[in-house]
Amino acid sequence: QQQVKQSPQSLIVQKGGIPIINCAYENTAFDYFPWYQQFPGKGPALLIAIRPDVSEKKEGRFTISFNKSAKQFSLHIMDSQPGDSATYFCAVIQETSGSRLTFGEGTQLTVNP
Amino acid sequence: EPEVTQTPSHQVTQMGQEVILRCVPISNHLYFYWYRQILGQKVEFLVSFYNNEISEKSEIFDDQFSVERPDGSNFTLKIRSTKLEDSAMYFCASGQTGGNQPQHFGDGTRLSIL
């Protein structure tokens, strides 16, 4: 059972563009929605996270939009830079069931100069 | 900034051999995790550990796997009899608290089974 579906699998944008990565989940009991950024040879690093009681959260150039009724959340990267080129994973947690992160399949983002 | 450190960075082992992957979590963290990532695939949860016992494990974490916190700083993952399909990146993570709080990942150990 695939609990988190992430799209697209890969994404190429020009510098300054606004890549958008989407995730859809099935279990309405999930209550924490983080995004992780992973560079080659490194572990995932927490980028930004949102809880279901808000519809949007912004930190610097990164914004999460959350649609509870549609069971979807997305990551927007404003004014993208070549240094943002990485793999991005959405994840979910159901706090009442423990603290395991369930990850999406990942999106490989390339920002061209 | 404190970080999770993992050793070795790359481990090559013959099939059937035992392997121990080591992690030093962030010092004031109480919750510890192992995840794995098969090449080109998503990161998968293996096990969580709190208060010196396993708090949750996935279906991947079968009897050949075990975890231990042998002292106040190290957290280890042991694979008793390795299989070819155990080849993956293994990530250790730690968190100050559990639930929906940030988990901080190490840079992983690449395990190659021959």
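Coordinates for the structure precede this section.
What comes next concerns the included structure. Since the structure is predicted, the reported quantities are computational estimates derived from the model, not experimental observations.

Each value, and the rule that gives it
- Residues numbered from 1 in each chain as written.
- Chains lettered and ligands numbered in written order.
- Predicted model: local features only at pLDDT ≥ 70, side-chain atom pairs only at ≥ 80, totals over all residues.
- Heavy atoms only, no water.
- Helix = DSSP H or I, 4+ residues; strand = E, 2+ residues; numbered from the N terminus.
- Rg over C-alpha atoms; globule rule 2.2 N^0.38 Å.
- Contact = heavy atoms within 4.5 Å.
- Areas by Shrake-Rupley, 256 points an atom, 1.4 Å probe, with all protein chains shown as cover.
- Lys, Arg positive; Asp, Glu negative; His and termini not counted.
- Charge placed at Lys NZ, Arg CZ, Asp CG, Glu CD.
- 1 Å grid on protein atoms, 1.4 Å probe; cavity = no way out; pocket = protein on both sides within 12 Å on 5 of 7 lines; lining within 4 Å.
- Points joined across faces, edges and corners; volume = space filled by probe spheres on them.
- Nonpolar A, V, L, I, M, F, W, Y, C, P; charged D, E, K, R; others polar.
- Salt bridge = Lys/Arg side-chain N within 4 Å of Asp/Glu carboxyl O.
- Buried < 20%, exposed > 50% of the residue type's maximum accessible area, 1.4 Å probe, protein only.
- Disulfide = S-S within 2.5 Å.

Let's shift gears to the overall build of chain B. For chain B, the helix and strand inventory stands at 0 helices and 11 strands. Along chain B, from the amino end to the carboxyl end, the secondary structure elements read β-β-β-β-β-β-β-β-β-β-β. Taken against the 2.2 N^0.38 rule, which gives 13 Å for 114 residues, the C-alpha radius of gyration of chain B at 13 Å falls within 12% of a compact globule. Based on the C-alpha atoms only, the size of chain B along its principal axes is roughly 35 × 30 × 30 Å. Taking contacts inside chain B between residues at least 6 apart in sequence as the whole, the part at least 24 apart equals 54%. Only carbon and sulfur atoms are counted for the fraction: they give 46% of the accessible area of chain B, which is about 5,700 Å². Across chain B, the centroid of the 9 positively charged side chains sits 4 Å from that of the 14 negatively charged ones.

Turning to the layout of surface pockets, a few remarks are in order. Of the voids in this model, the largest pocket is the one considered here, and its volume is about 590 Å³. In the lining of the largest pocket, the residues fall into 10 nonpolar, 11 polar and 4 charged. Space inside the second largest pocket adds up to approximately 440 Å³. Around the second largest pocket sit 21 residues that line it, and A:Pro44, A:Ala45, B:Glu3, B:Phe105 and B:Asp107 are the ones nearest its centre. Contributions of two or more residues to the lining of the second largest pocket are made by strand S4 (33-38) and strand S5 (45-50) of chain A together with strand S1 (5-7) and strand S10 (104-105) of chain B. Residue composition of the lining of the second largest pocket, by class: 8 nonpolar, 9 polar and 4 charged.

Across all of its chains, the model carries 5 salt bridges over all chains by this definition. Two residues, B:Asp107 and A:Lys42, come together in a salt bridge whose shortest N-O distance is 3.3 Å. Here the residue B:Asp107 occupies a position in the loop between S10 and strand S11 (109-113), and A:Lys42 occupies one in the loop between S4 and S5, the pair thus bridging two chains. With a relative accessible area of 35%, B:Asp107 lands in the partly exposed category. Of the charged contacts in the structure, one is a salt bridge between B:Arg36 and B:Glu44, with a shortest N-O distance of 3.3 Å.

All names here are of chain A. Under the definition given, this model contains 2 disulfides over all chains. Disulfide pairing is shown between Cys23 and Cys90; the S-S distance is 1.8 Å. Its torsion about the S-S bond being -90°, the disulfide of Cys23 and Cys90 is classed as left-handed. Separated by 67 residues along the polypeptide, Cys23 in strand S3 (residues 20-25) and Cys90 in strand S9 (residues 86-92) bring together distant segments of the chain. When its relative accessible area of 2% is taken as the criterion, Cys23 is described as buried.

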